[in-house]
Amino acid sequence: MQDEVDELIEAWARERSDLDLAPIAVFSRISRLAHHVDRARRQAFTAHAIELWEFDVLAALRRAGSPYELSPGRLLRENLVTSGTMTNRVDRLASRGLVERHPDPSDRRGVLVRLTPEGKEAVDGAFAALVQAERDLLAGLSDDDRAQLADLLRRLLLPFGD
């Protein structure tokens, strides 16, 4: 069984037989798979009327557990964006009724961003659709194969701290 990457490697092997092309066999497939995952995510989120960046913020709040709130600083760390970007994102989500700001009871000058019931419904629906889409992408693998793949990818990512 051959795929496009095998054909690509064969062509490069003819032209550059001096190189070890084993990394290409792995990373070209990861790159192609990432494209399919990105498309599946966009479709899952679009079906629930949210964008990727919206999902990222809403998901951070949802994972925080009830009452589904975080400080803006914590949201910054969770989403790896600048404070200006996060302020803009929270403003846009608040205008859609997906989050609201509340005073921080432990810091009179601070605020907490809280998921609204509408925000919770949106992120829960999008997440369920995402899990199903990703399950479909893995349908050709057995449970053992999926576990092995997850372990191998974990080992590959550990040096990066991701």
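Residues numbered from 1 in each chain as written. Predicted model: local features only at pLDDT ≥ 70, side-chain atom pairs only at ≥ 80, totals over all residues. Heavy atoms only, no water.

Looking at an unreviewed UniProt entry, the protein carries the name MarR family transcriptional regulator, with the source organism given as Nocardioides faecalis.

## As for the UniProt feature "domain: HTH marR-type" (unreviewed entry) in the protein
Mapped onto the present numbering, the UniProt feature "domain: HTH marR-type" (unreviewed entry) falls on residues 23-158. Helix makes up 68% of residues 23-158 and strand makes up 12%, while its end C-alpha atoms are separated by 18 Å. (UniProt positions renumbered as here; feature names shortened; annotations may be inferred. Helix = DSSP H or I, 4+ residues; strand = E, 2+ residues; numbered from the N terminus.)

## Overview of the side chain of Glu-54
Positionally, Glu-54 belongs in helix H3 (residues 52-63). Given the relative accessible area of 4%, Glu-54 is considered buried. The contact partners of Glu-54, leaving out residues within four places of it in the chain, are Ala-49, Leu-93 and Arg-96. (Buried < 20%, exposed > 50% of the residue type's maximum accessible area, 1.4 Å probe, protein only. Contact = heavy atoms within 4.5 Å.)

## A few points about the nonpolar core
Counting residues in hydrophobic clusters, the biggest one holds 24 residues, and the most contacted among them are Ile-50, Phe-55, Leu-58, Leu-61 and Leu-75. Sorting the residues of this core by element identifies helix H2 (22-46), H3, helix H5 (83-95), strand E3 (107-115) and helix H6 (117-137) as the ones contributing at least two each. Of the residues forming this core, the biggest block, seven residues, is contributed by H3. (Core = buried A, V, L, I, M, F, W, Y, C linked by side-chain atoms within 4.5 Å.)

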